[in-house]
Amino acid sequence: MTREEIVSQVNELLSEEFEVPAEKLQPDANVKDTLNLDSLSLVDLVALVQQTYKVKIPVTELRTIQTFNNLYDYIESHLPA
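Residues numbered from 1 in each chain as written. Predicted model: local features only at pLDDT ≥ 70, side-chain atom pairs only at ≥ 80, totals over all residues. Heavy atoms only, no water.

> Is there a simple way to explain the packing of helix α1 (residues 3-18) against helix α5 (residues 68-78) in this structure?
Helix packing for two helices is described by the angle between their axes and how far apart those axes are. Relative to each other, α1 and α5 sit at 120°, their axes nearing to 10 Å. The pairing of α1 with α5 is recorded here as oblique in orientation. In the crossing of α1 with α5, the sense of the turn from one axis to the other is right-handed. On α5, the residues touching R3, I6, V7, V10, N11 and L14 of α1 are F68, N69, L71, Y72, D73, I75 and E76. (Axes fitted to C-alpha atoms, helices over the stretch in contact; angles between N-to-C directions. Helix = DSSP H or I, 4+ residues; strand = E, 2+ residues; numbered from the N terminus. Parallel < 35°, antiparallel > 145°, perpendicular 65-115°, else oblique. Left-handed = near helix turned anticlockwise from the far one by under 90°. Contact = heavy atoms within 4.5 Å.)

> What is the right way to read a negative patch on the surface from this model?
Together, E12, E16, E17, E19, D38 and D44 make up a region of like negative charge exposed at the surface. Top element by residues in the negative patch is α1. It accounts for 3 residues. Relative to the assigned elements, D38 resides in the loop between α2 (31-35) and α3 (39-53). (Patch = residues over 30% accessible without salt bridge, like charges linked within 9 Å, V, L, I, M, F, W, Y side chains within 5 Å. Areas by Shrake-Rupley, 256 points an atom, 1.4 Å probe, with all protein chains shown as cover. Salt bridge = Lys/Arg side-chain N within 4 Å of Asp/Glu carboxyl O. Lys, Arg positive; Asp, Glu negative; His and termini not counted. Charge placed at Lys NZ, Arg CZ, Asp CG, Glu CD.)

> Would you mind showing me how to read the environment of I57 here?
Mapping I57 onto the fold places it in the loop between α3 and α4 (59-62). Exposure remark for I57: the relative accessible area of 8% places this residue in the buried category. Taking the C-alpha atoms as reference points, I57 and V46, 11 residues apart in sequence, are found 6.6 Å from one another. (Buried < 20%, exposed > 50% of the residue type's maximum accessible area, 1.4 Å probe, protein only.)

> I'm lost on the environment of T34 in this one. Help?
Summarising the element assignment, T34 is placed in helix α2. T34 sits 37 residues away from L71 along the chain, and the two C-alpha atoms are 13 Å apart. Once you skip the residues sitting within four places of it in the chain, T34 turns out to touch V20, K24, L25, A29 and F68. A polar atom in the side chain of T34 sits 2.7 Å from the backbone oxygen of N30. (Polar contact = N/O pair within 3.5 Å; in protein donor to acceptor, adjacent residues only side chain to side chain.)

> Whenever I open this one, the nonpolar core confuses me. Can you help?
Generally speaking, a soluble globular protein has its nonpolar side chains buried in company with each other. Among the nonpolar cores identified, the biggest contains 25 residues, and V10, L14, L35, L45, V49 and F68 are the most heavily contacted of them. Every element with two or more residues in this core is listed here: α1, α2, α3 and α5. At 6 residues, the largest contribution of residues to this core is made by α3. (Core = buried A, V, L, I, M, F, W, Y, C linked by side-chain atoms within 4.5 Å.)

What follows is the structure, given as structure tokens:
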């Protein structure tokens, strides 16, 4: 899966799941602020990523994912071969 495919698919999933216009999902935008995530919806985000990409995001790693670029990078670097 290419970077462009990841970005496109993640944006589509998040836009649909969190009812946010896709154009708001900019690479340098803050994930929590843009999606208006509280702790419960953050769990939904992690579950969505795990279910869709078979990528586990431990709590310790979750803290490092601040922007959408961080999220794309994380998924891209942890995709199963």
